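Remarks on the overall topology
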Amino acid sequence: ARNRGIKTIIQNNWEFTDYLQSPLLPMPDLLVNHSYWHLDDQKERWPNITEYCPTPLFIEDFQDIYLTNLKRENKVRFLHVAGRNTYEDRNGTNDVLKAISLIPENVDFELVIKTQTTEVEEIDDPRITIDRDSPVDEKELYRDFDAMILPRRYAGACLPMNEALASGLPVIMTDIDPNNKILPGFWLVGATKKTEFMARDLIDVYESDPVELAGRIAQFAVADFNLLYGYKIMAREIAIKEYSSENVLEKWSLLLDKIGVQ
C-alpha cells in the first residue's frame, strides 16, 4: 500500500496488536487505539503513529430509554450484563454475587443479571433476577434501570458500559485503567491483581474488593431520587463527550487530515 501511495490505518485492540510480538511487520500510517487502555504504552512504543479514537455511539438512538430511566421513582433497580462466557469472568459476575451476599436483607433493591451463555450461580436472594432473554433490539437491555454494576476484571473497550452511559445509567466499575480515565471516582471500587494471561502481551486480571463493592451498591440502593437523577444526567454527558458519533467523526476527520487524506 505504501509503495502505491495508499494510506493505511489500523484501529487496534491492545491485547491483539500483532506488532507486540512481530515488530518487523510493516507499520500503518496510523495505529489508532479505540480505548485508553495501554494507550500510554502504545505511545511510548510507536509515538509517531499512535492515536486514540473510540468506537462511536448514535446517542439519539438511546433517547427514549434515557428518558425512561431518568423518570424512575420506584426502588432502585440495578443491571449487570454477564453476557456470554469470557475468559476469567471478565465482567466480574462472581464478584457481583459475592458483594450482594454481603448486603443486609433490609437494604431493598432489585438486581437483574442478563446473560446468554454465562453460567450464573443460583443465589437464594429475592432481590436477584436472572434474565436469559435476547432482545432483538440490544438497546432494550438498558431500559427501566437506575445503574449498572460492572466490576470488570480486565480492561479495554467496553461497549456495555458505553451504551449504559448513553442510556443514562451510572456504572459501578473497578478502579483500574481505563475505567478510571472515563468514570468519576465515586462510582469506582478498589481492585487487586488476581492473575494474568498472555495474549499478544501479558494481561493483568483483577478482583474487586467485595466489601467495598457491596458498600457502593448499598449507597446507590438507598440514594434519594435527586442524587440518582444527577448521576443519570452525568452518565449521559460522559457518553456524549466520549462516544457520540458527531465527536468521533470530528476526531476521524482530524486524523485523516494528519496523514493527508481529504
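Relevant structure appears above.
Description of the structure in this document. (Residues numbered from 1 in each chain as written. Predicted model: local features only at pLDDT ≥ 70, side-chain atom pairs only at ≥ 80, totals over all residues. Heavy atoms only, no water.)

**Description of the nonpolar core**
Threshold: The definition of a nonpolar core used throughout is a set of buried Ala, Val, Leu, Ile, Met, Phe, Trp, Tyr and Cys residues joined through side-chain atoms within 4.5 Å. Each residue is assigned to one of three classes by its accessible area relative to the maximum for its type, calculated with a 1.4 Å probe on protein chains only: buried under 20%, partly exposed between the two thresholds, exposed over 50%. Residues count as neighbours in contact if any of their non-hydrogen atoms are within 4.5 Å of one another.
Residues Phe-78, Leu-111, Met-161, Leu-165, Val-171, Leu-183 and Ile-217 are the most contacted members of the largest nonpolar core, which totals 58 residues. If sequence neighbours within four positions are ignored, Val-171 has contacts with Met-148, Leu-150, Met-161, Ala-164, Leu-165, Leu-183 and Trp-187. Listed in part, the 13 residues of the second largest apolar core include Leu-20, Leu-31, Phe-197 and Ile-203.

**Let's talk about the packing of aromatic side chains**
Just so we agree on the cut-off: Here a Phe, Tyr or Trp ring, Trp counted by its six-membered ring, pairs with any other such ring whose centre lies within 6.5 Å, and the pair is stacked when the planes are under 30 degrees apart, edge-to-face when over 60, and tilted otherwise. In DSSP terms, a helix is any run of H or I states spanning at least four residues, a strand is any run of E spanning at least two, and both are numbered starting from the N terminus.
Tallied over the entire structure, the rule returns 9 aromatic pairs. Measuring from centroid to centroid gives 4.1 Å for Tyr-36 and Tyr-52, while their planes differ by 20 degrees, and the two rings are stacked. Taken together, the residues span a long stretch of sequence, with Tyr-36 in the loop between strand 2 (30-33) and helix 1 (39-45) and Tyr-52 in strand 3 (residues 50-52) at a distance of 16 residues. Between Phe-78 and Phe-109, the ring centres sit 5.6 Å apart and the planes meet at 80 degrees, which makes this aromatic pair edge-to-face. Pair noted here: Phe-78 is in strand 4 (residues 77-83) and Phe-109 is in the loop between helix 3 (93-101) and strand 5 (110-115), with a separation of 31 residues, a long-range link. For Phe-78, a relative accessible area of 0% translates into the label buried. Residue classification places Phe-109 among the buried positions, given a relative accessible area of 1%. Taken together, the ring pairs in this structure connect Phe-186, Trp-187, Phe-220 and Tyr-231 into an aromatic cluster.

**Considering the sheet that holds strand 3**
The condition that has to hold: Should DSSP find at least two bridges between two strands, the strands are taken to pair. To get an axis, fit a line to the C-alpha atoms, keeping to the stretch in contact for a helix; angles then go from 0 to 180 degrees between the N-to-C directions.
What the 3 strands build is an open sheet, ordered 1-2-3; its pairing is parallel. Since the sheet does not close on itself, it has two edges, and those belong to strand 1 (9-12) and strand 3, each with one partner. Within this sheet the neighbouring strands show an average axis-to-axis angle of 30 degrees, counted without direction. In this structure, strand 1 lies alongside strand 2, joined through 4 bridges in parallel fashion. Directly across from Gln-11, in strand 2, lies its bridge partner Val-32.

**Quick word on the pattern of salt bridges**
What counts, and what does not: Just to be clear on terms, a salt bridge is a Lys or Arg side-chain nitrogen sitting within 4 Å of an Asp or Glu carboxyl oxygen.
Taken as a whole, this structure holds 22 salt bridges when the rule is applied. The salt bridge partner of Glu-51 is Lys-258, with a shortest N-O separation of 2.3 Å. Here Glu-51, found in strand 3, pairs with Lys-258, found in helix 8 (residues 245-258); they are 207 residues apart in sequence, far enough to count as distant. Looking at Glu-51, the relative accessible area reads 15%, which means it is buried. Judged by its relative accessible area of 47%, Lys-258 is partly exposed. The shortest N-O distance in the salt bridge between Glu-196 and Lys-193 comes to 2.8 Å.

**Quick look at the state of the cysteines**
Cut-off, in case you're wondering: Disulfides are defined in this document as cysteine sulfur pairs within 2.5 Å.
All told, the structure shown has 0 disulfides when counted by the stated rule. The thiol sulfur of Cys-53 is not disulfide-bonded, and the nearest other cysteine sulfur, from Cys-158, lies at 18 Å. Exposure remark for Cys-53: the relative accessible area of 0% places this residue in the buried category.

**Observations concerning the side chain of Ser-245**
Applicable threshold: Whenever two N or O atoms come within 3.5 Å, that pair is a polar contact, provided that in protein one can donate a hydrogen and the other can accept it, and provided that, for residues adjacent in sequence, both atoms are side-chain atoms.
Mapped onto the secondary structure, Ser-245 falls in helix 8. At 3.5 Å, the side chain of Ser-245 and the side chain of Glu-246 are in polar contact. Apart from the residues lying within four places of it in its own chain, the contact partners of Ser-245 are Pro-56, Leu-57 and Phe-58.

**Focus: the packing of helix 2 (residues 63-70) against helix 7 (residues 225-243)**
What counts, and what does not: In these notes the angle categories are as follows: under 35 degrees is roughly parallel, over 145 is roughly antiparallel, 65 to 115 is roughly perpendicular, and the rest is oblique. Helix crossings get a hand from a simple test, with the near helix turned counterclockwise from the far one by less than a right angle marking a left-handed crossing and a clockwise turn marking a right-handed one. The residue classification treats Ala, Val, Leu, Ile, Met, Phe, Trp, Tyr, Cys and Pro as nonpolar and Asp, Glu, Lys and Arg as charged. All others, Gly included, are polar.
Running from N to C, helix 2 and helix 7 cross one another at 160 degrees; their axes reach a closest spacing of 10 Å. For the element pair helix 2 / helix 7, the angle class is roughly antiparallel. Considering only the axes of helix 2 and helix 7, their crossing is right-handed. Seen from helix 2, the contacting residues are Gln-63, Tyr-66, Asn-69 and Leu-70; seen from helix 7, they are Phe-225, Tyr-229, Lys-232, Ile-233 and Arg-236. Along the lines of polarity and charge, the residues of the contact of helix 2 with helix 7 split into 5 nonpolar, 2 polar and 2 charged.

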